[in-house]
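Listed here are the chains, written in short residue letters.
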Amino acid sequence: MKILLRQGSICPPPGLSYNMVDGRYVKKILVIYYSQSGQLKRILSRMVQGLEENSGVQCDIRAISPVESYPYPWTFYRFFNVFPEAVSLDGCPVRPVDLADNYDLIVLGYTIWFLSPAIPVTGFLQTKQAALLFKGKPVITVIGCRDMWLIGQEKMKTLLADLGARLLDNVALTDQGRSLYTFVTTPRWLLTGKKDSFWFFPKAGVAEEEIKKMDRFGKRLAEALDRDEEQGDGPLLSGLGAVNVNGKLIATERIAHRSFLIWSKLIKTAGSPCSPGRNVVITIYTVFLLTLVLTVVPMNMIIRRLVYPLCKKSIAGAVSYYEQPSGR
Ligand SMILES: Cc1cc2nc3c(=O)[nH]c(=O)nc-3n(C[C@H](O)[C@H](O)[C@H](O)COP(=O)(O)O)c2cc1C
């Protein structure tokens, strides 16, 4: 029999892990993230606003803090120096996070670095603290990135499964404008800090409108918590446009990741982070990457358009796989 409990009531039903705050039982949510420019932090804050409309929910918001901070904006070589470690999921040391006991649900906000979770987030997930925190807990992942998060989320699924966490939902916000534009606007933002629109390019980053609308997930989550739905297998946030998988990017992302695996090994072999040896291979790699972007990518776009009718079914299958668990 399913026991329904209104949060804020004076007594928890047996077997449920409600926390006491000011003499009332509330559900405690941990929102934990790593954000450099503050964009992902704003995305999550807006979600929390919706969530906290329910007085029976209490949120702890915590930032992951690497022991050695990463630059923002980035210099060219610092940016590419994190490539091999990001791809091979070598997390960095992070400071312990100040946490309460007994969270009912964890919202994990992360960005994508080279088709992988950002290194500080990987680093945190590899700590003993995370092992204790995530074991058996329901988790909602929230991604803020340029537009390539599919492989990163696959890696995240493995990291969470290793911790024994239960992934209920995934929400992904991507930068505004077409892929071709964000290929310029996102690196410009990350390397100079400039987010403004210029020439025919849109502003960099996630559209403000999308960030504002994040409260819909908080509101839905609050309703779901009210019904103890986080104790099930989810999803809690379906039908709200949690993700938008671009079928045309799936092949590009898979191919890019395969080449990332090879190049990350080569760059690692060339030397430790920021060493002259590594920087030489990074220079060769970026020239290779640029040539690829200017030649193979446009060719690939034409070929994709031609073969699209033939691959429609398999692309649709892949789209529906990556849309799980929350869907469109
Ligand atoms: C080193 C690095 C690599 C990145 N690689 C990707 C990527 O592969 N795919 C993607 O969609 N976004 C990528 N991004 C963009 C981030 O996911 C994110 O949108 C951006 O860093 C802003 O996040 P913030 O909230 O930390 O400021 C990368 C960013 C950095 C700093």
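Nothing here was measured: the structure is a model prediction, and the numbers come from that model. All residue numbers refer to positions counted from 1 along the written sequence of the respective chain. Owing to the predicted nature of the model, reporting of local features is limited to residues with pLDDT of at least 70; listing and counting of side-chain atom pairs is limited to 80 or more, with chain, interface and lining totals taken over all residues.

**Side note on the overall build of the chain**
At step 1: Looking only at helices and strands, one finds eleven helices and eight strands in the chain.
At step 2: In terms of C-alpha radius of gyration, the chain reaches 21 Å, essentially the compact-globule figure of 20 Å for 328 residues.
At step 3: Contact criterion: two residues are in contact if their C-beta atoms, reconstructed from the backbone, are within 7 Å. Long-range pairs, those at least 24 residues apart, make up 78% of the contacts in the chain between residues at least 6 apart in sequence. Under the DSSP-based scheme used, a helix requires at least four consecutive residues in state H or I and a strand at least two consecutive residues in state E, with every element numbered from the N terminus. With the radius of gyration taken over C-alpha atoms, the globule rule is written as 2.2 Å times the number of residues to the power 0.38.

**Focus: the nonpolar core**
At step 1: Take the buried Ala, Val, Leu, Ile, Met, Phe, Trp, Tyr and Cys residues, join any whose C-beta atoms are within 7 Å, and the set you get is a nonpolar core. Whether a residue is buried, exposed or partly exposed is read from the other C-beta atoms within 10 Å of its own C-beta, which are placed from the backbone; 20 or more gives buried, 12 or fewer gives exposed, and intermediate counts give partly exposed. Within the largest apolar cluster, 77 residues are counted, with the highest numbers of intra-cluster contacts made by Ile29, Val31, Ile43, Leu44, Ile106 and Val139.
At step 2: With seven residues, the top contributor of residues to this core is strand β2 (residues 24-33).
At step 3: When residues are assigned to domains, this core turns out to be shared by domain 1 (19-231) and domain 2 (247-323), each giving three or more.
At step 4: In this structure, isoleucine 106 is in contact with Leu30, Ile32, Phe134, Lys137 and Val139, ignoring residues within four places of it in sequence. Domain delimitation in this document rests on an assignment produced automatically or drawn from a domain database.

**With respect to the domain arrangement of the chain**
At step 1: You can read the domains of the chain as domain 1 (19-231) and domain 2 (247-323).
At step 2: Between domain 1 and domain 2, the contact holds 14 residues from the first and 17 residues from the second.
At step 3: When residues of the side of domain 1 that touches domain 2 are traced back to their parent elements, those giving at least two are α2 (76-81), α3 (83-87) and α6 (150-162).
At step 4: Under the convention adopted here, Pro, Cys and the residues Ala, Val, Leu, Ile, Met, Phe, Trp and Tyr are nonpolar, Asp, Glu, Lys and Arg are charged, and Gly plus all remaining residues are polar. For the side of domain 1 that touches domain 2, a count of residues per class yields ten nonpolar, three polar and one charged.

**Section: the site of the ligand**
At step 1: Proximity of a residue to a molecule or strand is defined by its backbone-placed C-beta atom lying within 6 Å of that partner. As a matter of local geometry, the ligand sits amid 20 residues, with Ser35, Ser37, Leu40, Cys145 and Arg146 nearest to it.
At step 2: Only α1 (39-51), β5 (112-113), β7 (138-145) and α7 (179-192) provide two or more residues apiece to the shell around the ligand.
At step 3: Considered class by class, the residues forming the shell around the ligand number eleven nonpolar, seven polar and two charged.

**Describing α1**
At step 1: Here α1 is 13 residues long and its end C-alpha atoms lie 19 Å apart, about the 18 Å a rise of 1.5 Å per residue gives.
At step 2: Along α1, the residues that are buried comprise Gln39, Leu40, Ile43, Leu44, Met47, Val48 and Leu51. To estimate the expected span of a helix, subtract one from its residue number and multiply by 1.5 Å.

**Quick word on unusual backbone geometry**
At step 1: In this structure, proline 235 follows glycine 234 across a cis peptide bond, with omega equal to 0 degrees.
At step 2: Cis geometry marks the peptide bond from glutamine 324 to proline 325, where omega comes out at 0 degrees.
At step 3: Considering the arrangement of structural elements, one finds proline 325 in the segment after α11 (276-323).
At step 4: For leucine 89, which is not glycine, the phi dihedral falls at a positive 55 degrees.
At step 5: Checked against the element boundaries, leucine 89 lands in the loop between α3 and β4 (105-110).

**A word on α6**
At step 1: Here α6 is 13 residues long and its end C-alpha atoms lie 19 Å apart, about the 18 Å a rise of 1.5 Å per residue gives.
At step 2: Immediately downstream of α6, the backbone of glycine 164 shows phi near 80 degrees, a positive value.

**A closer look at the packing of α1 against helix α9 (residues 215-226)**
At step 1: Look at α1 against α9: their axes get within 6 Å of each other, and the N-to-C directions meet at 40 degrees. As the angle between them shows, α1 and α9 are arranged oblique. Viewed along their axes, α1 and α9 form a crossing whose handedness is right-handed. In this structure, α1 contributes Arg46, Met47, Val48, Gln49, Gly50 and Leu51 to the contact, and α9 contributes Asp215, Arg216, Phe217, Gly218, Lys219, Leu221 and Ala222.
At step 2: A breakdown of the residues in the contact of α1 with α9 according to their chemical character gives six nonpolar, three polar and four charged. For helices, the axis comes from a line fit to the C-alpha atoms of the stretch in contact; other axes are also lines fit to C-alpha atoms, and the angle between any two N-to-C directions lies between 0 and 180 degrees. Roughly parallel here means an angle under 35 degrees, roughly antiparallel means over 145, roughly perpendicular means 65 to 115, and every remaining angle is called oblique. Handedness of a helix crossing follows the sense of rotation of the near helix relative to the far helix, less than a right angle counterclockwise being left-handed and clockwise being right-handed.

**Regarding the environment of valine 280**
At step 1: Within the secondary structure, valine 280 sits in helix α11.
At step 2: Valine 280 sits 166 residues away from phenylalanine 114 along the chain, and the two C-alpha atoms are 19 Å apart.

**A few points about the packing of helix α10 (residues 247-270) against α11**
At step 1: Packing of α10 against α11 leaves a shortest axis separation of 6 Å and a crossing angle of 155 degrees. Here α11 runs roughly antiparallel to α10, going by the angle between their axes. As for how α10 packs across α11, the hand of that crossing is right-handed. Here Gly247, Lys248, Ile250, Ala251, Thr252, Trp263, Leu266, Ile267 and Ala270 of α10 lie close against α11, whose contacting residues are Gly277, Arg278, Val280, Val281, Ile282, Tyr285, Asn300, Arg304, Ile315, Ala318 and Val319.

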